[in-house]
Amino acid sequence: PAPCTPTVFAGTAKLPVYEILLAIGFSPDGRYLLFSSIDVPGGLRIAPVTADPDTGRVTFGPVACTPNPYLPSALKGLDFSPDGRWIAMAYGATAGAASTRSTAPAFVEIRPWDAATGTPGPPVARSPRSWRVGGIEDLVWTAAGDRLLLTDQFHDQALVVYCDPDSGAL
């Protein structure tokens, strides 16, 4: 991973190089900010976060930049299971200069989350083609921890899918 140094101004993170953010979220313990951007299409970025309890100032450490192995699909959405054990990552096409119905694969992966190191592990599950999604735009884990809600912009649909809280299987 290549290091990147963000600058914090009055609580706003100015992240150099990143033009368009696609997915963004804090780890359940608030120690890491995860996001993806267009510059390395859909690559996952992880930045350690610290906050001063006296001033409320938030600072970000060096950003670990992980390349995207699924090009031309980009990381479009991410969310953590309520218990913090799993991270769901949605991949799909980016609109680019004009909104089109891309042929880039759209899918969801479930990975274990290592809170101690701030890194996702290898995938334990991937959505099947039978879901027939075209452009997953976002996803949210339900509070019960056994379902994901996905939005598919290409088919104008939302899906509710089961995810086993113990194994991460979809």
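Residues numbered from 1 in each chain as written. Predicted model: local features only at pLDDT ≥ 70, side-chain atom pairs only at ≥ 80, totals over all residues. Heavy atoms only, no water.

Caption draft 1: Structural context of the overall build of the protein. Of regular secondary structure, the protein possesses zero helices and 15 strands. Residues classed as buried in the protein amount to 42% of the 170 residues present. Here the contacts in the protein between residues at least 6 apart in sequence split such that 43% fall between residues at least 24 apart. In the form shown here, the protein has an accessible surface area of approximately 8,800 Å², with 58% of it arising from carbon and sulfur atoms. (Helix = DSSP H or I, 4+ residues; strand = E, 2+ residues; numbered from the N terminus. Buried < 20%, exposed > 50% of the residue type's maximum accessible area, 1.4 Å probe, protein only. Contact = heavy atoms within 4.5 Å. Areas by Shrake-Rupley, 256 points an atom, 1.4 Å probe, with all protein chains shown as cover.)

Caption draft 2: Structural view of unusual backbone geometry. Following L71, the chain continues to P72 via a peptide bond in cis, the omega torsion being 15°. Within the secondary structure, P72 sits in the loop between strand 7 (64-66) and strand 8 (74-80). A positive phi angle is found at R132, which is not glycine, with a value near 50°. With respect to the helices, strands and loops of the structure, R132 is situated in the loop between strand 12 (125-126) and strand 13 (136-141). By relative accessible area, R132 is classed as exposed at 67%. Despite not being glycine, D156 has its phi angle at roughly 50°, a positive value. Residue position: D156 is located in the loop between strand 14 (147-152) and strand 15 (157-162).

Caption draft 3: Expanded view of the pairing of strand 14. Side chains L148, L150 and D152 of strand 14 all project onto a buried face; the interleaved residues R147, L149 and T151 project onto a face where none is buried. Summarising the sheet, strand 13 and strand 14 pair through five bridges and their orientation is antiparallel. Its bridge partner being in strand 14, W141 is matched across the sheet by L148. Between strand 13 and strand 14, which pair antiparallel in sequence order, lie five residues; one of them, G145, sits at a positive phi of approximately 85°. Where strand 14 and strand 15 come together, six bridges link them in antiparallel fashion. If you follow L150 over to strand 15, its bridge partner there is L159. Between strand 14 and strand 15, which follow one another and run antiparallel, lie four residues, and D156 among them has a positive phi close to 50°. (Pairing = 2+ DSSP bridges.)

Caption draft 4: Just the pattern of salt bridges, in detail. Applying the stated rule across the entire model yields three salt bridges. Among the salt bridges present, the one from D146 reaches R147, with a minimum N-O distance of 3.5 Å. Overall, D146 belongs to the partly exposed group, its relative accessible area being 22%. With relative accessibility at 33%, the residue R147 sits in the partly exposed group. (Salt bridge = Lys/Arg side-chain N within 4 Å of Asp/Glu carboxyl O.)

No statement about biological role is implied by the geometric values presented.
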